[in-house]
Amino acid sequence: MTSPAKLTVALVQQSNTDNAKDNMAKSISAIREAAQKGAKLVVLQELHRSLYFCQTENVDVFDLAETIPGPSSNALGELAKELSIVIVASLFEKRATGLYHNTAVVLEQDGSIAGKYRKMHIPDDPGFYEKFYFTPGDIGFEPIQTSAGKLGVLVCWDQWFPEAARLMAMAGAEVLIYPTAIGWDPNDDIAEQTRQKDAWVISQRAHAVANGVPVISCNRVGHESDPSAQSDGISFWGNSFISGPQGELLAEANNTDEQILVVEIDQKRSENVRRIWPFLRDRRIDHYKDLTKIYRD
């Protein structure tokens, strides 16, 4: 399958409620709007059907999980076929009873499932208790071939690990995609919040630079309360963005509003950038064996 030389991409930054039906309807409406603006690839944020439920550990939340294929992937597949676009959606996957994943599924423009990625790096931090809900992925870092190109789909916490981005690029990914749910503790001061958000942007733009490919990072926005009332919840910082292969910002959302970003990506730029910055050529793989260790004691 030949990848398009130029590709119009979009991401949907939205706020969520505890009504999964309304959240899905909002996502579908935004996808339609993005397609009307010419997008052929649309990316949704992490776990876009629900609130970010990992603020607490609650077994009842497993009722939100669904199979893939399942109701959401089927509905989005029908939409992808109707609009003739590729959709990247993030779902709470029920693989089997007691076995769940944080999974991104890619719907092809004919409505079929082009592939899926199960989140590999699972955090366990105050307010982000994902290890309670998600089994680490077992598919590995494998790009998904679509009519919109070869997509290196990763999820949220993966964005802090350069190894994940590199392995996707080494397998031929033409764009890196990060559905995300990340935000601030409202009690942190402005300086700390700024440092965290800037680090998040810098890390992902660095993946674009190091691998010579565009990056699409789609975060949610808005405040979500802690159901346990043990904290002041999370203020998701939005700031979704699309970066070019030199880390240049092609589009960037703000920290407060629901937004749809639509940008045309010129894939030839990746070729040109890799010619002047041939990082893949100059890797010293004969001296990297210790990267498979947890730490060099």
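Residues numbered from 1 in each chain as written. Predicted model: local features only at pLDDT ≥ 70, side-chain atom pairs only at ≥ 80, totals over all residues. Heavy atoms only, no water.

Q: Please clarify how unusual backbone geometry should be interpreted in this entry.
A: Glycine aside, a negative phi is what most residues show, and trans is what most peptide bonds show. The peptide bond linking Ile68 to Pro69 adopts the cis configuration, its omega dihedral lying at 5°. Within the secondary structure, Pro69 is located in the loop between strand S2 (41–44) and helix H2 (71–83). In this model, Asn239 sits at a positive phi of 60°, which is unusual for a non-glycine residue. (Helix = DSSP H or I, 4+ residues; strand = E, 2+ residues; numbered from the N terminus.)

Q: Is there a simple way to think about helix H3 (residues 162–170) in this case?
A: Quick reminder: α-helices carry 3.6 residues per turn. Residues three or four places apart thus point the same way. The complete set of buried residues in H3 reads Ala164, Ala165, Met168 and Ala169. The buried residues of H3 occupy an angular sector of 130° when the element is viewed end-on, so they sit on one face. At its buried positions, H3 is contacted by strand S5 (113–118), strand S9 (149–153), strand S10 (175–179), helix H4 (190–211) and helix H5 (268–276). (Buried < 20%, exposed > 50% of the residue type's maximum accessible area, 1.4 Å probe, protein only. Arc of directions from axis to C-beta. Contact = heavy atoms within 4.5 Å.)

Q: Explanation requested: the pattern of salt bridges in the structure shown.
A: Think of it this way: side chains of opposite charge can pair up when their charged atoms draw near. Using the criterion set out here, one finds 19 salt bridges in the structure. In this structure, the salt-bridge partner of Lys119 is Glu46, at a minimum N-O distance of 3.0 Å. Of this pair, Lys119 sits in the loop between S5 and strand S6 (124–125) while Glu46 sits in the loop between S2 and H2; the two residues are 73 residues apart in sequence, bridging distant segments of the chain. Taken as a pair, Lys119 and Glu46 share a single burial class, namely buried. With its nearest N and O atoms 2.7 Å apart, the salt bridge here joins Asp286 to Arg284. The class for Asp286 is partly exposed, based on a relative accessible area of 47%. Taken together, the salt bridges that share partners define one network made up of Glu93, Arg95, Lys116, Arg118 and Asp138. (Salt bridge = Lys/Arg side-chain N within 4 Å of Asp/Glu carboxyl O.)

Q: Would you explain the sheet that holds strand S3 (residues 86–96) in this entry?
A: Remark on secondary structure: sheet strands pair via backbone hydrogen bonds, oriented parallel or antiparallel. An order of S5-S4-S3-S2-S1-S17 is seen for the six strands of this open sheet, with the pairing classed as mixed. The open sheet has two edge strands with one neighbour each: S5 and strand S17 (259–266). Averaged over neighbouring strand pairs, the angle between their axes works out to 30° when direction is ignored. Along the sheet face, helix H1 (residues 20–36) touches strand S1 (6–13), S2, S3 and S17 and points at about 155° away from the line of S2. (Pairing = 2+ DSSP bridges. Axes fitted to C-alpha atoms, helices over the stretch in contact; angles between N-to-C directions.)

Coordinates in, geometry out; function isn't part of it.
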